[in-house]
Amino acid sequence: MAEAERIIGTPGTPDDGGEQTAMPGASAAEQRPVTDERRPGRGRRIVVLFAVAAFAYALDLASKMIVVAKLEHHAPIEVIGDWLEFHAIRNPGAAFGFGGAFTIIFTVIAAAVIVVIFRLARKLYSFPWAVALGLLLGGALGNLTDRIFRSPGIFEGQVVDFIAPKGFAVFNLADSAIVCGGILIVLLSFRGLDPDGTVHKD
């Protein structure tokens, strides 16, 4: 109720940019304008963001551990004939094998993406944006873990890829999470939905 009054103005009271005239009998807490920290729903959206990120990260990490233990240095496994195979490779580049000569740059980019997502989380009130950013965060963490801990060295590690559709680049579940999160963000932007839950129309 307080939020609705802040947006449309209290009936009979001029809208003066957020300041409220003291109401008889109202406490100091009731008279203060609603700020981002007091808006309902932010905590739940952050929980959704980190739950989605944790799920995507855990799934990617577990799949890579299985691939390294069971599939690496072995013949590819046919999943759907020759249309889809599991084929373990080490990728020094970005998603889908691009830019193999710029491993450190992609590591820095992944770290920057994670920082940006953490900053956006402070003003997050949209459930779809929480899911999208969670997918991006989980995918970025998954590939960044490879960059840091796998050979040939810290920040130059090669990413484990294993999903190999016919006629397409080999990728992993972290790449899939990043792509899905990016597509969802594009759709939300076309609809005019911002991370803070507001809707704008160009």
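Just so it is clear, the structure is predicted and the values come from calculations on it, not from any experiment.

Trainee: Outline the overall build of the protein chain, listing residues and values.
Mentor: Looking only at helices and strands, the protein chain has 6 helices and 3 strands in total. The burial tally for the protein chain puts 32% of its 202 residues in the buried class. Partitioning the contacts of the protein chain with sequence separation of at least 6, the portion at a separation of at least 24 is 65%. For the protein chain, the computed accessible surface area is about 12,200 Å², with 68% contributed by carbon and sulfur atoms.

Trainee: Any chance you could break down the pattern of salt bridges for me, citing the residues and the numbers?
Mentor: Evaluated as defined, the whole model comprises 5 salt bridges. One salt bridge connects D146 with K64, and the closest N-O pair in it is separated by 2.9 Å. One end of the pair, D146, is in helix α5 (residues 127-149); the other, K64, is in helix α3 (residues 42-70), with 82 residues separating them in the sequence. With relative accessibility at 1%, the residue D146 sits in the buried group. Across the salt bridge formed by K166 and D82, the nearest N and O atoms sit 3.7 Å from each other. Within this pair, whereas K166 is found in the loop between β3 (159-165) and α6 (173-191), its partner D82 is found in the loop between β1 (77-80) and β2 (84-91), the two being separated by 84 residues in sequence. Judged by its relative accessible area of 48%, K166 falls in the partly exposed class.

Trainee: Please set out the sheet that holds β2 residue by residue, giving values where relevant.
Mentor: In spatial order, the strands read β1-β2-β3; together these 3 strands make up an open sheet with antiparallel pairing. Edge positions in the sheet fall to β1 and β3, since each of these pairs with one other strand and no more. Neighbour-to-neighbour, the strand axes of this sheet turn through a mean angle of 40°, independent of strand direction. In this sheet, β2 lies alongside β1 in antiparallel orientation, the contact comprising 3 bridges. Each bridged residue has a counterpart across the sheet, and for I77 the counterpart in β2 is F86. On the sheet, α3 packs against β2 and β3 and is oriented at approximately 85° with respect to β3.

Trainee: If you had to explain a nonpolar patch on the surface to someone new, which residues and values would you point to?
Mentor: Together, I77, V79, I80, W83 and F86 line one region of the surface with nonpolar side chains, adding up to about 500 Å² of accessible area. The biggest single contributor to the nonpolar patch is β1, with 3 residues. Residue position: I77 is located in strand β1. I77 gets classed as partly exposed once you look at its relative accessible area, which sits at 45%.

Trainee: Can you lay out the nonpolar core for me, pointing to particular residues and giving the numbers?
Mentor: Among the nonpolar cores identified, the biggest contains 20 residues, and L49, I117, L124, W129, L133, L137 and I185 are the most heavily contacted of them. Contributing elements (two or more residues each) for this core: α3, α4 (103-120), α5 and α6. Take this core: its biggest share by element is 8 residues, from α5. Core analysis: the second largest hydrophobic core is formed by 7 residues, L71, V160, F162 and F171 among them.

Trainee: I'd like a rundown of the packing of α3 against α5, residues and numbers included.
Mentor: For the pair α3 and α5, interaxial distance at closest approach is 7 Å and the crossing angle is 35°. As for how α3 packs across α5, the hand of that crossing is right-handed. Here the residues of the contact of α3 with α5 are counted per class, giving 15 nonpolar, 5 polar and 4 charged.

Trainee: So what about the packing of aromatic side chains? Which residues, and what values?
Mentor: One pass over the structure, following the stated rule, counts 3 aromatic pairs. Ring centres 5.5 Å apart and planes at 45° place the aromatic pair F50 and F118 in the tilted group. With F50 in helix α3 and F118 in helix α4, the pair connects residues that are 68 residues apart, well separated along the chain. Of the residues examined, F118 reaches a relative accessible area of 44% and is grouped as partly exposed. On the basis of an interplanar angle of 75° and a centroid distance of 5.7 Å, the ring pair of F86 and F162 is categorised as edge-to-face. Of this pair, F86 sits in strand β2 while F162 is found in strand β3, placing the two residues 76 residues apart along the sequence. For F162, a relative accessible area of 6% translates into the label buried. Above the ring of W83, the side-chain terminus of K166 is found at 4.7 Å from the ring centroid.

Rules behind the numbers
Counting of residues starts from 1 at the beginning of each chain's written sequence and follows it residue by residue. A pLDDT threshold of at least 70 governs which residues receive local features in this predicted model, and a stricter bar of 80 or more applies before side-chain atom pairs are shown or counted, although totals over entire chains, interfaces and linings include all residues. Computation of side-chain values: all heavy atoms of the structure, hydrogens and water removed. Labels follow the DSSP assignment, with helices taken as runs of H or I lasting at least four residues and strands as runs of E lasting at least two, numbered in each case from the N terminus. Only protein chains enter the accessibility calculation, which uses a 1.4 Å probe; a residue whose area is less than 20% of its type maximum is buried, one above 50% is exposed, and one in between is partly exposed. By definition in these notes, contact holds between two residues if any of their heavy atoms fall within 4.5 Å. Residue exposure ignores everything except the shown protein chains as possible cover, and the areas themselves are Shrake-Rupley values with a 1.4 Å probe. Here a salt bridge means any side-chain nitrogen of Lys or Arg lying within 4 Å of a carboxyl oxygen belonging to Asp or Glu. What makes two strands pair is DSSP finding at least two bridges between them. Angles here are taken between N-to-C directions and fall from 0 to 180 degrees, while the axes themselves are lines fitted to C-alpha atoms, restricted in helices to the stretch in contact. Residues enter patches when they are more than 30% accessible in relative terms and free of salt bridges; like-charged ones are connected within 9 Å and nonpolar ones (Val, Leu, Ile, Met, Phe, Trp, Tyr) within 5 Å. Within this scheme, the nonpolar core is defined by two criteria: the residues are buried Ala, Val, Leu, Ile, Met, Phe, Trp, Tyr or Cys, and they are joined through side-chain atoms within 4.5 Å. The handedness criterion is simple: a crossing whose near helix is rotated anticlockwise from the far helix by less than a right angle is left-handed, and one whose near helix is rotated clockwise is right-handed. Residue classes follow a fixed rule: Ala, Val, Leu, Ile, Met, Phe, Trp, Tyr, Cys and Pro count as nonpolar, while Asp, Glu, Lys and Arg count as charged, and any other residue, Gly among them, counts as polar. Stacked, tilted and edge-to-face are the three classes assigned to paired rings of Phe, Tyr and Trp, where Trp is represented by its six-membered ring and a pair needs centres within 6.5 Å; plane angles under 30 degrees give stacked, over 60 edge-to-face, the rest tilted. Charges are assigned to positions over rings by a cutoff of 6 Å between ring centre and Lys NZ or Arg CZ, combined with an angular limit of 35 degrees from the ring normal.

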